[in-house]
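Residue-level listing of the chains:
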Amino acid sequence: MPATFFGRCLVRLLLLLLCTSLSGGNSADAATQEFKPGNKLSVDLSEYVIVLPGPSEKNISVASPTEVDLTCKLDENSNLKNPQVTWKKGSETISHTSNAPNSWTIKVTISESSHLGSYTCFLKAEKEISATFHLNVPPIDGREKPVIAYIGDTGVMVCKTEYHPRAWKWFMTNGTELASIDKILPKDKYEILSRSASESRLEIHKLTVADTGEYWCEADFVLGPSKARFEVRVLSVAEPLKPFIAVVAEVAILVTLIGLYEVYSKKRKAKGGEKEFDQIEQLKSGDNVTEKDK
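The structure presented is a predicted model; accordingly, all values stated were derived computationally and were not measured.

Draft legend 1. Local environment of the packing of aromatic side chains. Applying the stated rule across the entire model yields two aromatic pairs. Here the aromatic rings of tryptophan 87 and phenylalanine 133 are separated by 6.0 Å at their centres, their planes lie at 25°, and the arrangement is stacked. In this pair, tryptophan 87 is assigned in strand 5 (residues 84–89) and phenylalanine 133 in strand 10 (residues 128–136), connecting sequence segments 46 residues apart. Just as tryptophan 87 is buried, phenylalanine 133 falls in that class too.

Spelled out as C-alpha cells, the structure:
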C-alpha cells in the first residue's frame, strides 16, 4: 500500500511538470516569419562637439560627401589649464582650423571613403586627455541571436536605414565567400522587395534545411557599403517535439521502475506470509506430537 501510494504521487508530479514545460514552449503560429534587425538612429549634423572631461568618443554617420566641424571643448570647471592641443587621423597630424577659449575645431571635408575614419584630439598639460570622433557610413544592424524557422515557411529578412543608399544587394555565405543571392537560389525561390529607398526585404519561399546559413544585406552609399547579417536556422516540424518525447520517455522509465518495485514488494510480502504459515503449521504439528506422547 505505501509503495502504491508513493508511485501514484510521483506519476502525478511528473505529469504536472510535463504540462508546465509544454505550456511554456514557443510555437510557430504563422507560415510567414519576419526577421528585422534593430535600427540605430543617426542625426545628420554639420558640427559635432565633445566636452572634456566626459564621454570621450562619438560615432558619426556620413552617407554622402559633406563637410563637418569636429570640436574638442574643455568643461568650464576643468582643472586642465592651457593645454597643448594636437589633432590626429591615425598617425597623421592635422592642424586645427579654429581656436576659441578652451575650444579647438577642425573642419573635415569628406568627398571619398578614405576621408572616413577616426579623428582624435589630444589635450596635454600636467596630464593628457583625448577625445575621438568615428566617421563611418551609416550602420545597418543585424541580429545577434539566430533566427529560427521551419520547413515550408516563408522567411522574410528586413534591412532598414535612416538614409537613402544608391542600391541594395543581398548575399549568402558560400564557404568563406559572399555570393550574390541570385547565384545561390533559383529565381522562383526568392523575392527582393522595397517599400522605400531606405528599406529592402528578402523573402525566401518554401524553406528547406538547405536554406540554413548566413545572409547579408548591403546598402551601397556614395562613400562605401554597409552590411547587416542574419543567421537563419531551418528546422523540421518534429524538432520542437524532441523535448516532449524526452520527457515522455523519462516518465515511462520511472513508471516502469515503480511498477517493478511494486511487483517485487508484493512477491516479497507473499513469501513472508508463506514462511509464517509454514512456521505455524510446524508448531501445530509439534503440539500434536507432544499430546500423543502424553
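What follows continues from the structure just given.
Draft legend 2. A look at the sheet that holds strand 14 (residues 177–180). Strand order across the open sheet formed by five strands is 11-18-17-13-14, with mixed pairing between neighbours. Both edges of this open sheet fall to strand 11 (147–150) and strand 14, since each of them pairs with a single strand only. Sheet twist, expressed as the average angle between the axes of neighbouring strands with direction ignored, equals 35°. Bridge count between strand 11 and strand 18 (residues 224–235): four bridges; the pairing is parallel. When the sheet's bridge partners are listed, tyrosine 150 is paired in strand 18 with leucine 235.

Draft legend 3. How the structure looks around unusual backbone geometry. The amide bond that connects leucine 52 to the next residue, proline 53, takes the cis arrangement and shows omega of -5°. We note that asparagine 82 has phi near 45°; this positive angle belongs to a residue other than glycine. You can see asparagine 82 is positioned in the loop between strand 4 (66–74) and strand 5.

Draft legend 4. Just the pairing of strand 15 (residues 190–193), in detail. Note: strand 15 against strand 16 (residues 199–204), four bridges, orientation antiparallel. Considered in strand 16, the bridge of leucine 193 is made with arginine 201. Between strand 15 and the antiparallel strand that follows it, strand 16, lie five residues.

Draft legend 5. The side chain of glutamate 218, seen in detail. Along the chain, glutamate 218 turns up in strand 17 (residues 213–221). A polar atom in the side chain of glutamate 218 sits 2.9 Å from the side chain of lysine 227. Residues in contact with glutamate 218, not counting those within four places in the same chain, are Ala167, Trp168, Lys169, Phe171, Pro225, Ser226 and Lys227.

Draft legend 6. Geometry of the environment of serine 226. Inspection of the secondary structure assignment puts serine 226 in strand 18. The exposure class assigned to serine 226 is buried, which follows from its relative accessible area of 7%. Serine 226 sits 85 residues away from aspartate 141 along the chain, and the two C-alpha atoms are 9.5 Å apart. With residues up to four places along the chain from it excluded, the contact list for serine 226 reads Val137, Pro138, Pro139, Ile140, Cys217, Glu218, Ala219 and Phe221. Reaching out from serine 226, the side chain makes a polar contact with the backbone oxygen of proline 138 at a distance of 2.7 Å.

Draft legend 7. Fine view of the state of the cysteines. Counted under the stated rule, the structure contains two disulfides. Here cysteine 72 engages in a disulfide with cysteine 121; their sulfurs sit 1.7 Å apart. Handedness of the cysteine 72-cysteine 121 disulfide follows from its S-S torsion of about -90°: it is left-handed. Residue cysteine 72 is found in strand 4, and its partner cysteine 121 is found in strand 9 (residues 117–124); the two are separated by 49 residues along the sequence. With a relative accessible area of 0%, cysteine 121 lands in the buried category. Residue cysteine 159 pairs covalently with cysteine 217 via a disulfide, S to S 1.8 Å. Looking down the S-S bond of the cysteine 159 and cysteine 217 bridge, the torsion is -95°, so its handedness is left-handed. Residue cysteine 159 is found in strand 12 (residues 154–160), and its partner cysteine 217 is found in strand 17; the two are separated by 58 residues along the sequence. When its relative accessible area of 0% is taken as the criterion, cysteine 159 is described as buried.

Each value, and the rule that gives it
Residues numbered from 1 in each chain as written. Predicted model: local features only at pLDDT ≥ 70, side-chain atom pairs only at ≥ 80, totals over all residues. Heavy atoms only, no water. Phe/Tyr/Trp six-rings, centres within 6.5 Å; stacked < 30°, edge-to-face > 60°. Helix = DSSP H or I, 4+ residues; strand = E, 2+ residues; numbered from the N terminus. Buried < 20%, exposed > 50% of the residue type's maximum accessible area, 1.4 Å probe, protein only. Pairing = 2+ DSSP bridges. Axes fitted to C-alpha atoms, helices over the stretch in contact; angles between N-to-C directions. Polar contact = N/O pair within 3.5 Å; in protein donor to acceptor, adjacent residues only side chain to side chain. Contact = heavy atoms within 4.5 Å. Disulfide = S-S within 2.5 Å.

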